[in-house]
Amino acid sequence: AIVVRAFGAIIKGNSQDFIDVSPSSWYYDYVKKAVHMGAFIGNGNGYMYPDNFITREEIITVLARLVVLSSSDYSSLNKYPDKDEFSDWAKPYASALVARKYVNGNEKGMVTPKANVTRAEFAQMMHNIFKNYFSYEGVYKSVTDGGVMVNKPGVELSDLIINGDLVIGDGVGYGTFKLNNVTVNGRILFRGGEKLVTLTKTTVKENIVIYDINGIV
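Residues numbered from 1 in each chain as written. Predicted model: local features only at pLDDT ≥ 70, side-chain atom pairs only at ≥ 80, totals over all residues. Heavy atoms only, no water.

### Considerations on the overall build of the protein chain
Turning to step 1, where the next piece is worked out: When its secondary structure is counted, the protein chain shows five helices and ten strands.
Turning to step 2, where the next piece is worked out: Relative to a compact globule of 217 residues, whose C-alpha radius of gyration would be 17 Å, the protein chain shows 18 Å and is just as compact.
Turning to step 3, where the next piece is worked out: For the protein chain, the spread of C-alpha atoms along the three principal axes comes to 45 × 45 × 30 Å.
Turning to step 4, where the next piece is worked out: Relative to its full complement of 217 residues, the protein chain shows a buried share of 45%.
Turning to step 5, where the next piece is worked out: Considering only contacts within the protein chain whose residues lie at least 6 apart along the sequence, 42% involve residues at least 24 apart.
Turning to step 6, where the next piece is worked out: Within the structure as shown, the protein chain displays about 10900 Å² of accessible surface, and the carbon and sulfur contribution to it stands at 50%.
Turning to step 7, where the next piece is worked out: Mean positive and mean negative side-chain charge positions of the protein chain (23 and 22 charges, respectively) differ by 4 Å. (Helix = DSSP H or I, 4+ residues; strand = E, 2+ residues; numbered from the N terminus. Rg over C-alpha atoms; globule rule 2.2 N^0.38 Å. Buried < 20%, exposed > 50% of the residue type's maximum accessible area, 1.4 Å probe, protein only. Contact = heavy atoms within 4.5 Å. Areas by Shrake-Rupley, 256 points an atom, 1.4 Å probe, with all protein chains shown as cover. Lys, Arg positive; Asp, Glu negative; His and termini not counted. Charge placed at Lys NZ, Arg CZ, Asp CG, Glu CD.)

### What about the sheet that holds strand S1 (residues 132-134)?
Note: strands within a sheet are paired through backbone hydrogen bonds, in either parallel or antiparallel orientation.
Turning to step 1, where the next piece is worked out: What the five strands build is an open sheet, ordered S1-S3-S5-S7-S10; its pairing is parallel. The open sheet is flanked by S1 and strand S10 (208-210), the only strands paired with a single partner. When the angles between neighbouring strand axes are averaged without regard to direction, this sheet yields 15°.
Turning to step 2, where the next piece is worked out: Of the strand pairs in this sheet, strand S7 (residues 188-190) and S10 are connected by three bridges, and their pairing is parallel. Each bridged residue has a counterpart across the sheet, and for Ile188 the counterpart in S10 is Ile208. (Pairing = 2+ DSSP bridges. Axes fitted to C-alpha atoms, helices over the stretch in contact; angles between N-to-C directions.)

### Some remarks on the side chain of Ser76
Turning to step 1, where the next piece is worked out: Structurally, Ser76 is set in the loop between helix H3 (56-66) and helix H4 (91-99).
Turning to step 2, where the next piece is worked out: Only 2.8 Å separates the side chain of Ser76 from the backbone oxygen of Ser95, close enough to count as a polar contact.
Turning to step 3, where the next piece is worked out: If near-sequence neighbours (up to four positions away) are discounted, Ser76 is found in contact with Ser95, Val98 and Ala99. (Polar contact = N/O pair within 3.5 Å; in protein donor to acceptor, adjacent residues only side chain to side chain.)

### Observations concerning H4
Turning to step 1, where the next piece is worked out: The buried count for H4 comes to seven of nine residues, which makes it a mostly enclosed element.
Turning to step 2, where the next piece is worked out: Considered for burial, the residues of H4 that qualify are Lys91, Pro92, Ala94, Ser95, Ala96, Leu97 and Val98.
Turning to step 3, where the next piece is worked out: Of the surrounding secondary structure, the elements contacted by the buried residues of H4 are H3.
Turning to step 4, where the next piece is worked out: Just past H4, the residue Lys101 takes up positive phi, approximately 65°.

See below:
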């Protein structure tokens, strides 16, 4: 539910295949949207386990999928004595988020992959990735230092520097988005935006990533 809201996702995927996701559950629509986003895929045998606790390596995987980050270089995990507790499927995602300092260890220097994530830990991960959210149309000329999420259409960012990634979220949908005289010291990730995406006098330090989950970018 949190990631669906954060990215502004509105398109529902097919979750009827999940045996344990009932249409009467409060999270039914959120699951359908999260599946369409590519955030959650279930266990492969028809179960989503929506009422289970979620582990740190699972939520790290979800967030990395959403921001399209993975790495075959696991060296960023070497500073954690419990790095070998990561499942093989989680290591590419964890190594990428740790390398960017989106995920950090605890006060004992452990990353605790198998521990159940707390709300506070999840909130901190989200904050590490996104310091700014733009959810209303208009022209904006200032940002806090860190990553930026635009999750609604009609936003223009102008005359500013973004020290982090800029994510054009699913909620931009079939609307417009503009950058004018903007430097992005990270990546631009397009997950949404179709009618008119305009980049004028824009510098991107890393690269532009198109993750066209809705088939509209």
